[in-house]
Amino acid sequence: MRADPSQVRCQPEPGQSHATTGDGDLHGARARASQFAATAATYVATAAGSRSVTRGEPTERLVREAAFSAVCTTTPEIKSRILTAGTP
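Residues numbered from 1 in each chain as written. Predicted model: local features only at pLDDT ≥ 70, side-chain atom pairs only at ≥ 80, totals over all residues. Heavy atoms only, no water.

Trainee: Sorry if this is basic, but what is going on with the overall build of the protein here?
Mentor: On a plain count of helices and strands, the protein comes out with four helices and zero strands. Shown N-terminal to C-terminal, the secondary structure of the protein runs as helices and strands in the order α-α-α-α. Relative to all contacts within the protein whose residues are 6 or more apart in sequence, the contacts with residues 24 or more apart total 55%. (Helix = DSSP H or I, 4+ residues; strand = E, 2+ residues; numbered from the N terminus. Contact = heavy atoms within 4.5 Å.)

Here is the structure:
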């Protein structure tokens, strides 16, 4: 995988301050975290193989929950960041 989860959570984009200080780009950070979750779930599903599409398998649930997070729990600002970011 290309990204390290600790880097997704902790590192702001160049020129931006850290989100935990209150002056960071919270929407951008949440968009990057959502993209990382989808990328990680895809990686795990690929490694697990065909059983990852079987209902009830842990990898199937992981992929479903990553997609749910990206689609149902984001605000319009976060969705916009996800759609304009290109690749995670």
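Trainee: What is the right way to read the packing of helix H2 (residues 26–48) against helix H3 (residues 58–72) from this model?
Mentor: A pair of packed helices can be characterised by two numbers: the angle between their axes and the separation between those axes. With their axes 9 Å apart at the nearest point, H2 and H3 run at an angle of 160° to one another. Considered as vectors, H2 and H3 are oriented roughly antiparallel to each other. Where H2 crosses over H3, the handedness of that crossing is left-handed. Counted together, Ser 34, Ala 37, Ala 38, Ala 41, Val 44, Ala 45 and Ala 48 of H2 and Thr 59, Leu 62, Val 63, Ala 66, Ser 69 and Ala 70 of H3 form the full contact between these two elements. A breakdown of the residues in the contact of H2 with H3 according to their chemical character gives 10 nonpolar, three polar and no charged. (Axes fitted to C-alpha atoms, helices over the stretch in contact; angles between N-to-C directions. Parallel < 35°, antiparallel > 145°, perpendicular 65-115°, else oblique. Left-handed = near helix turned anticlockwise from the far one by under 90°. Nonpolar A, V, L, I, M, F, W, Y, C, P; charged D, E, K, R; others polar.)

Trainee: Where do I start with a nonpolar patch on the surface in this structure?
Mentor: The grouping of Tyr 43, Val 44 and Leu 62 at the surface amounts to a nonpolar patch, some 260 Å² of accessible area in total. The exposure class assigned to Val 44 is partly exposed, which follows from its relative accessible area of 32%. (Patch = residues over 30% accessible without salt bridge, like charges linked within 9 Å, V, L, I, M, F, W, Y side chains within 5 Å. Areas by Shrake-Rupley, 256 points an atom, 1.4 Å probe, with all protein chains shown as cover. Salt bridge = Lys/Arg side-chain N within 4 Å of Asp/Glu carboxyl O. Buried < 20%, exposed > 50% of the residue type's maximum accessible area, 1.4 Å probe, protein only.)

Trainee: Just checking my understanding: could you explain the environment of Ala 31 for this structure?
Mentor: Tracing the chain through its elements places Ala 31 in helix H2. By relative accessible area, Ala 31 is classed as buried at 3%. Dropping the residues within four chain positions of it, Ala 31 is found in contact with Ile 78, Arg 81 and Ile 82.

Trainee: Help me understand the packing of H2 against helix H4 (residues 76–84) in this model?
Mentor: In the contact formed by H2 and H4, the axes pass within 8 Å of each other and the chain directions differ by 60°. Here H2 lies oblique to H4, going by the angle between them. Viewed along their axes, H2 and H4 form a crossing whose handedness is right-handed. On H4, the residues that touch His 27, Gly 28, Arg 30, Ala 31, Ser 34 and Gln 35 of H2 are Glu 77, Ile 78, Arg 81 and Ile 82.

Trainee: Where do I start with the environment of Arg 51 in this structure?
Mentor: Residue position: Arg 51 is located in the loop between H2 and H3. Residue contacts for Arg 51: discarding those within four places in its chain leaves Glu 57 and Thr 59. One polar contact links the side chain of Arg 51 to the main-chain carbonyl oxygen of Ala 48, over a distance of 3.2 Å. (Polar contact = N/O pair within 3.5 Å; in protein donor to acceptor, adjacent residues only side chain to side chain.)

Trainee: Explanation requested: the confidence of the model for the protein in the structure shown.
Mentor: The predicted coordinates ought not to be read in detail in places where the model reports low pLDDT. With 69% of its residues at a pLDDT of 70 or more, the protein shows a mean pLDDT of 78. Across the protein, element-level confidence peaks in H3 with a mean pLDDT of 90 and bottoms out in helix H1 (residues 5–10) with 51. (pLDDT = per-residue confidence, 0-100.)

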